[in-house]
Amino acid sequence: MDPYLLIPRFYKALFRRLCRPDLYHELAGDLEEAFAENYEQHGLNSAKATYKKEVLKMLRPSVIRPFHFYRSNNTFDMFSNYLKLSIRNLWRDKEHSLVSIIGLAAGIIASVLIFQYTNFESSYDAMHDESDGRIYRMSRQTVSIETGEQISINATNFHGFHPTVADELPEVASSTQLFQANGVLTSDNTGHNVPDTYFSTGAFFDVFSFPLISGNNQDLDQPGTVFISESVSRRIFGNADPMGQLIHYNDNFSNVDVEVQVKGVFKDFPDNSHIKAEVLLSMADLNTFADNGWFGTMRLNEVTWRWVGYHTYIKAVRGADKKGLTRKLNTFINKYRAHYDEAQGRRPVIIPHELSELHFAKGVNAQLEPSNDEGTITMFKFIGVLIILIAWINFVNLATARAVKRAKEVGVRKALGAFKKQLIDQFLIETIFINTLALLLAIGIILIIIPAFHQFVDAPVFDYFTDFLPFWGIYLGVFVVGALISGFYPALVLTRFEPIKVLRGNFQNSNNSIWLRRVLMFLQFGLVLVMLSGILVIKSQIGFMMNQQMGMNINQTLVVNAPPTYIRDSTYTSKIETYRDAIEQFPSIRATSIAASVPGIRNTFGQTIYRTDRPSNESEFLYLNAIDPHFLSLFEIELIAGRQFDESLKGDGNVVLINEESVRALDFESPEDALGKRLVYPTGERRQIVGVVKDFNQMGMKFKVDPMAMNLDTARSSPFINIKISATNVSETVRQLERTYNEFFPSAPFDSFFLDQTFNQIYEEDRKFSAILEFFAVIAIFISCLGIFGLSSFLINQKVKEVSIRKVLGANLSQVIRVLTKEYVLLVTASTLISIPVAYLLTNNWLDTFLIRVNLNPIWFLAPIAGLVFILMTTVGRKTWKAVMVNPAKTLKDE
Amino acid sequence: MKGSYLGEFQEIVMLSILALGAEAYGMKIQKEIAEKSGRSISRGALHSALSRLEDKGFLSSRLGEATKVRGGKSKKYYEVTQRGRTALEEAETIRQTFHKAILGFKLL
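Quantities reported herein were computed from a predicted structural model and do not represent experimental measurements. Residue numbers restart at each chain and count upward from 1, following the sequence in its written direction. Following the order in which they are written, the chains are lettered starting with A and the ligands numbered starting with 1. The model is predicted, so local features are restricted to residues of pLDDT at least 70 and side-chain atom pairs to those at 80 or more, both for listing and for counting; the totals for chains, interfaces and linings are taken over all residues. Side-chain numbers come from the whole structure's heavy atoms, not from hydrogens or water.

Helix and strand counts for chain A stand at 27 helices and 26 strands. Burial classes: relative accessible area under 20% of the type maximum marks a residue as buried, over 50% as exposed, and values in between as partly exposed (1.4 Å probe, protein chains only). Looking at the 895 residues of chain A, the share that counts as buried comes to 49%. Pairs of residues are marked as contacts when any of their non-hydrogen atoms sit within 4.5 Å. Long-range pairs, those at least 24 residues apart, make up 79% of the contacts in chain A with a sequence separation of at least 6. Under the DSSP-based scheme used, a helix requires at least four consecutive residues in state H or I and a strand at least two consecutive residues in state E, with every element numbered from the N terminus.

Here it is, written out as structure tokens:
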């Protein structure tokens, strides 16, 4: 085909239209000749791309033809004149221009940041292809059979669910399960802690659309297989090919040590996925471990419908109806569970959670990632809209207030024969010009602060939604429409002026626009008040929670992870005891204790337990912990009845301590009543209660206290070594501990953390929420202040003559000030009356979502008023003072 | 002499026109520069340089024949004028003076 016909048509026409006619032959000819040559040498696509680039680079002043045809009427001249005037006006009134541009830019920045953040939060788990059937997580609600009341909702399901569900229900196309692994990966004698390690099945990659880079997903069903993410592969193997490499997996809680082969590599899961697995081990291996001694003498098939902890997902067939599916799933699970349910007095109800619901699911325990509150996100969206609205309202307000200054210009233009349309054009161009400057400034600042914002919200929100459409296109569209609308109103106001009145000199703004302005000011005052109250309340609540008495003392407590099980042999118990004795010799160590679970880390281990003197269906789910005798004294947990463990008593391996909540849950009359009673465990073993401890908050004040039982860990097999250290020379102490640890356990990684830091992470969500809210509230307040400042300076300027006349006629200072500030005092009073009840309702509702909450303090509602008055004093006060102090002769001389 | 200043890029353009001789028109010059200096420049950038050089009187041009591959549009051939050659030589002299100065300095 003749290459000439393949040239991109649009670009060819564009160039023809824009190029100066006397250059056209030379330049277009050269471009087309170059195209033909590129086409032969590099192919069509490359030639096209080069041609397009060349045409675009050709659009320079020396090549583009002058716009002669516009000159036929004088629109173009007027247009450039308007632009010139805009620049001059902008320059003349710098204060006003700066206030307008900064206010608009701040509004644009804040709303873009908010919407990127909320878009990210709303985009969770949307990356999976659900066109051939919806994906559901099998959440498990526990309901009391007697009352029908909900006891809890859990994200995990029974072991037996996944292997049978797809065979029994035709609506289920495929299913998979995830079980959290807790262990160390070792390759070449180097241990790697990978927190997000799970056991799963090959169908994981059928249900979810996570892409595999290499390997076949069915291999994951073979024992001895591991799939790893790209970044884990880089961390362990560097740039070498991971496929076929061998890794050891050593479980932290059991003596499992298995060699697995890398048979698959997957792309890292995106940040907006609730599953963030980095290593997937084969479920077949887990089943083998569990079948061989994890449940004492019981085999896996005996506990398959009792063992929970499996995050179970199904993919339904296309068009399956959710209601029918829910019913069938519940019939299905009932068939297997009925036998146990009766004995325990409670039954599971399957709730299929759609993927899109997971990130906002409320009150679900043991989720892979804590969910966010949908109301919070909606509130952020609302604030985002509010901020950009305030910014535009301010802009309109300022522009109309300033219209007075331009009234004479409009009058003269009208008298000289300007049409209304021309005047609207002029002022529209001016406002669009200001809007464009603000937009450019905003884009520049956003580009600069993206990394800081990512760190701030702890999510790379700008790395997603980078497409121009729908995201950036929508933003741009909204801002352009906003610019037009906010430009149109001032233009209309200005062009309404009647030349006669304006030019005669006694000109006043119409009543309408004064009222509009008052309402807008009133709203802004109210908003500032509500936002300030909100910030105070949120800060107090978080501080309150962090300073609550938790029933224990976690200060200065370092937790060292005990060596992984693969280095534990028959000498381990004595070895860990010598290590403990060795470090206790350090002067900086005040106490040590070995335990299976520590505060701040969710205890996932628990069993259904009942009293020997009660029927088995009055059972309770008790969380279990294994501790040594020093645990209570190290954490300063109070013993309220009975006695501590005593290692010298041989029988203490079979006794148990419970907390007050267990006393209530198991229906003992008092802590003393519980002493000496026996409990039955699901494995059949019986333990005698010897002591009751005061309740302490395992997970901080955000969660309620769970019933809990503690037994004595005589084998020292627990994974956490708690070490209480003195406050001085902390880093030296930690280094010392590490050195000693490495001497005792040379091949184990030293891994430690401070408990109070872990605890702070529990409040991290709230702290983040409060910080983000605060940030945007400050921007909103800032924009409002700019608006108040800009507006008040114009209003006061208008009144300068009135003030001068009053002074001449003998008014004293306070009378004059009253004239200037009366409006503000009234507005502040009105908005205070409205906004305090609003702030009260909003904050009270928010506080009610917490288990423990602060009582509302009047200061939180009065201080913002003081803040607002302060803002007004600094913005309005300065201008007022200037107006009052001015010499009347100066302002009245030309009257 | 005002207006006789030669930019580095302009110098390369003039040299490539001299090298091409009678075949010096837009696309050929662009290609010649790409091959000899290894930098790819856009036709638009070349146009700016050519028109400025022509304004300074260092280049002259004439319209040439039209070919099919150009969609029937004529070529424009460029030639370096006597003034252009003088300017080139001057630039070269100035540069050599500097080079010598630098080399001489280094020898000390």
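Structure's up, so let's keep going.
This next bit is on helix α18 (residues 572-584) of chain A. All names here are of chain A. In this scheme, a helix's expected span is set at 1.5 Å multiplied by one less than its residue total. With 13 residues, α18 extends 18 Å from end C-alpha to end C-alpha; this agrees with the ideal 18 Å at 1.5 Å per step. Those residues of α18 not exposed but buried are Y572, I576, Y579, R580 and I583. Buried residues of α18, viewed axially, fall in a sector of 95°; they line one side. What the arc describes is the spread of directions from the helix axis to the C-beta atoms.

Let's shift gears to the interface of chain B and chain A. If you look at the interface, chain B gives 23 residues, while chain A gives 22 residues. Of the roughly 1900 Å² buried where chain B meets chain A, counting both sides, 49% is carbon and sulfur surface. Two parts placed together each lose some accessible area under a 1.4 Å probe, and the buried area is that loss summed for both. The largest per-residue losses of area from chain B upon contact with chain A belong to B:R43, B:H47 and B:K73, which jointly make up 32% of the total buried on that side. For this analysis, a salt bridge means a side-chain nitrogen from Lys or Arg found within 4 Å of a carboxyl oxygen belonging to Asp or Glu. Here chain B is connected to chain A by 7 salt bridges. One salt bridge in this structure joins A:E37 and B:K31, with 2.7 Å as the shortest N-O distance.

Here we take up the nonpolar core. All names here are of chain A. We define the nonpolar core as a collection of buried residues of types Ala, Val, Leu, Ile, Met, Phe, Trp, Tyr and Cys that are connected through side-chain atoms lying within 4.5 Å of one another. Membership of the largest hydrophobic core comes to 80 residues, with the highest contact counts inside it found for F525 and F776. Elements supplying a minimum of two residues to this core: α5 (94-122), α13 (374-415), α14 (420-457), α15 (468-495), α17 (511-547), α24 (764-808), α25 (813-847) and α26 (859-885). Take this core: its biggest share by element is 19 residues, from α24. Excluding anything up to four places from it in sequence, F525 contacts I788, Y824, L827, V828, S831, L868 and L872.

Residue and element names in this part refer to chain A. Counting buried residues in strand β17 (residues 589-595) gives 5 out of 7 residues, a clear majority hidden from the surface. Inspection of the sheet shows β17 paired to strand β25 (residues 720-725) by 6 bridges, in the antiparallel sense. Bridge pairing links I589 to I725 in β25. For two strands to be treated as a pair, DSSP must find no fewer than two bridges joining them.

All names here are of chain A. Residues I432, L476, V480, V481, L484 and I485 make up a contiguous nonpolar surface patch of roughly 480 Å² in combined accessible area. Relative to the helices and strands, L484 is located in helix α15. On the basis of relative accessible area, L484 is assigned to the partly exposed category, the value being 38%. Exposure above 30% relative accessible area and no salt bridge define the residues that can form patches, which grow by joining like charges within 9 Å and nonpolar side chains of Val, Leu, Ile, Met, Phe, Trp and Tyr within 5 Å. Only the protein chains shown count as cover for residues, and the accessible areas themselves come from Shrake-Rupley with a 1.4 Å probe.

Let us look at the packing of helix α2 (residues 26-37) of chain B against helix α3 (residues 43-56) of chain B. All names here are of chain B. Lines are fitted to the C-alpha atoms to define the axes, a helix being fitted only along its stretch in contact, and any angle between axes, read from their N-to-C directions, falls within 0 to 180 degrees. Running from N to C, α2 and α3 point in directions that differ by 105°, and their axes come no closer than 10 Å. By the angle between their axes, α2 is roughly perpendicular relative to α3. Contacts between α2 and α3 pair G26, M27, I29, Q30 and I33 from the former with R43, L46 and L50 from the latter. In these notes the angle categories are as follows: under 35 degrees is roughly parallel, over 145 is roughly antiparallel, 65 to 115 is roughly perpendicular, and the rest is oblique.

Now for the side chain of A:S174. With respect to the helices, strands and loops of the structure, A:S174 is situated in strand β4 (residues 172-180). Apart from the residues lying within four places of it in its own chain, the contact partners of A:S174 are A:D206, A:V207, A:Y313, A:I314 and A:K315.

This part is about the packing of aromatic side chains. All names here are of chain A. To pair, rings of Phe, Tyr and Trp, with the six-membered ring standing in for Trp, must have centres within 6.5 Å; the planes then decide the type, stacked if under 30 degrees apart, edge-to-face if over 60, and tilted in the middle. Evaluated as defined, the whole model comprises 41 aromatic pairs over all chains. Working rule: Lys NZ or Arg CZ, within 6 Å of ring centre, within 35 degrees of ring normal, means a charge sits over the ring. The ring of W91 carries K94 above its face, with NZ or CZ at 5.2 Å from the centroid. Stacked on the ring of Y681, the Lys or Arg R687 has its end atom at 5.6 Å from the ring centre.

What the rule picks out here adds up to 37 salt bridges over all chains. Put simply, B:R43 and A:D30 hold a salt bridge, and the shortest N to O gap is 2.8 Å. In this pair, B:R43 is assigned in helix α3 and A:D30 in helix α2 (residues 21-42), connecting two distinct chains. On the accessibility criterion, A:D30 (2% relative accessible area) is buried. Salt-bridge contacts for B:K36 lead to B:E32; the nearest nitrogen and oxygen are separated by 2.5 Å. Note that B:K36 and B:E32 are positioned in helix α2 at a spacing of 4 residues, about one turn of the helix. For B:K36, a relative accessible area of 66% gives the class exposed. Given the relative accessible area of 12%, B:E32 is considered buried. Members of the salt-bridge network, linked through shared partners, are A:E26, A:D30, A:E33, B:R43, B:R70 and B:K76.

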